[in-house]
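Spelled out from the first residue to the last, the chains are:
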Amino acid sequence: MIRESTTLSIEELRGMFVDIEFPEYQREPDIWSRDQKQRLLDSILRRFDISSVYFYRREDDGLECIDGRQRINAIMSFLQENDSDEADNGFPLKLENEISGGLQTEFDTLTEATFGRIKAHAESNDAEMRATAKRAIRTILDYRITTVMLSGAADEEEFNLQFLRLNLGTLINSGEKLHAMVGAMRDVVFKSERIGKHPFFDSVRIPTRRYAKELTAAQVLLQAFSIREPAGFARARHLDLQRFVKRYAEIEPSDDLIEEVASTLDALRDGAGAAGGFLRNRAVTVSLVLLAWERDVASNALSSTAFWEFAEVFMTRLRWQVEKMKSFEWDPEYRHFVDFQRDLTQASVEKPAITRRGEILRSNLDRWLENGQLLGDAEYKARTGNEPGD
């Protein structure tokens, strides 16, 4: 494995945030209390060292956070850039220390101020407050975090060993844990060529780590079974997948719903070769397979060719807007792509994120089938005079 150590400023990290993926083996994004988040910002303003963050750069150039999720989320929440943190997005500073009544900072006058309020202070008529606020903003945004970039794992097990050595809270990945279970649904996911071993999953460029494709298949099945119940989409954390596999331990592999999903994968397989160029994310793959299943691609109610044409245009528009998001210049007509991307990279297996992704895809597919455009295309062209993507 290749290891490169560098530093990233918080401002640089802020621009990368929409592209960072947090795999399922990471702890949930809301583990830290507000007090812990505030202490991290206190440390940054005091220019203390904080722990390194680790990323893995995949072959498809995707960036996975291996260690440091809580720190990254806390920083982005303070900057009010973390919509997945419903409780604390935009939390205020709390500048204090836990060992004495001393150790004041040069920014104590900003305690209880949010980042938005600090930015307002930086424009105030009070010269001293204006200068303090500007120094605080630069101290935060210029703060450099030691960053370790990993790449080029020679073997999938080498990657898992790296997780162990970093002493993460959840040491074994979700696919490996699910593989350790028993029962008919487990075999459908890990042994069946109709589902877990289906050639469709070999055609798309989802990560190749141990059991990643089977885990994708399990998530598709979980959602399909859940959609048939009143609850609709389901949360898909590891424990949810585990409960699902256990619940259906006695299911017949030829169950009608399993066959429906398998037939959908059959229908999608022929066009998936081209999709490999743009379909690289597991959460997107799950959402698109479910959309194809809902629209009955298997019976040709919607042809697989038309479906893949839509999917390619949708993903092309998404990548275009993601590039603009990095410099905070996304187009207002495409706000749904901002939401879609955040639901991919932040809490991607939570029910609200899965539900929103499904709604956005369905709405865009309906518009595409109606007039060959996605939501926002006509409005963007009317405003700019340009074709989408230009």
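Residues numbered from 1 in each chain as written. Predicted model: local features only at pLDDT ≥ 70, side-chain atom pairs only at ≥ 80, totals over all residues. Heavy atoms only, no water.

### Focus: the packing of aromatic side chains
Two aromatic rings are characterised by how far apart their centres lie and by the angle between their planes.
Next, step 1: The tally for this structure, following the rule as stated, stands at 16 aromatic pairs.
Next, step 2: Ring geometry for W320 and Y334: centres 5.4 Å apart, planes at 70°, overall edge-to-face. Taken together, the positions of W320 in helix α14 (residues 304-325) and Y334 in the loop between α14 and α15 (335-345) put the pair 14 residues apart, joining distant regions of the chain.
Next, step 3: For W320, a relative accessible area of 13% corresponds to the buried category.
Next, step 4: Site record: aromatic cluster; members linked through ring pairs are F310, F314, W320, Y334, F337, F340 and Y380. (Phe/Tyr/Trp six-rings, centres within 6.5 Å; stacked < 30°, edge-to-face > 60°. Helix = DSSP H or I, 4+ residues; strand = E, 2+ residues; numbered from the N terminus. Buried < 20%, exposed > 50% of the residue type's maximum accessible area, 1.4 Å probe, protein only.)

### Topic: helix α5 (residues 127-142)
Next, step 1: Between its terminal C-alpha atoms α5 stretches 22 Å, which fits the 22 Å expected from 16 residues at 1.5 Å a residue.
Next, step 2: Taken as a whole, α5 has its buried residues at M129, T132, A133, A136, I137, T139, I140 and L141.
Next, step 3: On its buried face, α5 sits against β1 (2-9), α1 (10-16), α2 (34-45), α3 (69-78) and α4 (115-121). (Expected span 1.5 Å × (residues − 1). Contact = heavy atoms within 4.5 Å.)

### Some words on the sheet that holds strand β2 (residues 20-21)
Across a sheet, paired strands are connected by hydrogen bonds in the backbone, their directions being either parallel or antiparallel.
Next, step 1: Reading across the sheet, the five strands line up as β1-β5-β3-β4-β2 and stay open at both edges, with mixed pairing between neighbours. The open sheet has two free edges, formed respectively by β1 and β2, since each of these has just one partner strand.
Next, step 2: Against the sheet, α3 makes contact with β3 (53-57), β4 (63-67) and β5 (144-151), and its axis sits at roughly 110° relative to β4, the strand it touches most. (Pairing = 2+ DSSP bridges. Axes fitted to C-alpha atoms, helices over the stretch in contact; angles between N-to-C directions.)

### Brief notes about α15
Next, step 1: The buried fraction of α15 amounts to nine of the 11 residues, a majority that puts the element mostly inside the structure.
Next, step 2: Among the residues of α15, H336, F337, V338, F340, Q341, R342, D343, L344 and T345 are the ones counted as buried.
Next, step 3: In this structure, the buried side of α15 is in contact with β2, α13 (282-294), α14 and α16 (351-371).
Next, step 4: Immediately downstream of α15, the backbone of A347 shows phi near 55°, a positive value.

### Quick notes on the packing of α2 against α3
Next, step 1: At a closest axis distance of 9 Å, the pairing of α2 and α3 adopts a crossing angle of 80°. In this view, α2 runs roughly perpendicular relative to α3, as classed from their interaxial angle. Taken together, the residues of α3 that come into contact with α2 (itself represented by K37, L40, L41 and I44) are R71, A74, I75 and F78. (Parallel < 35°, antiparallel > 145°, perpendicular 65-115°, else oblique.)

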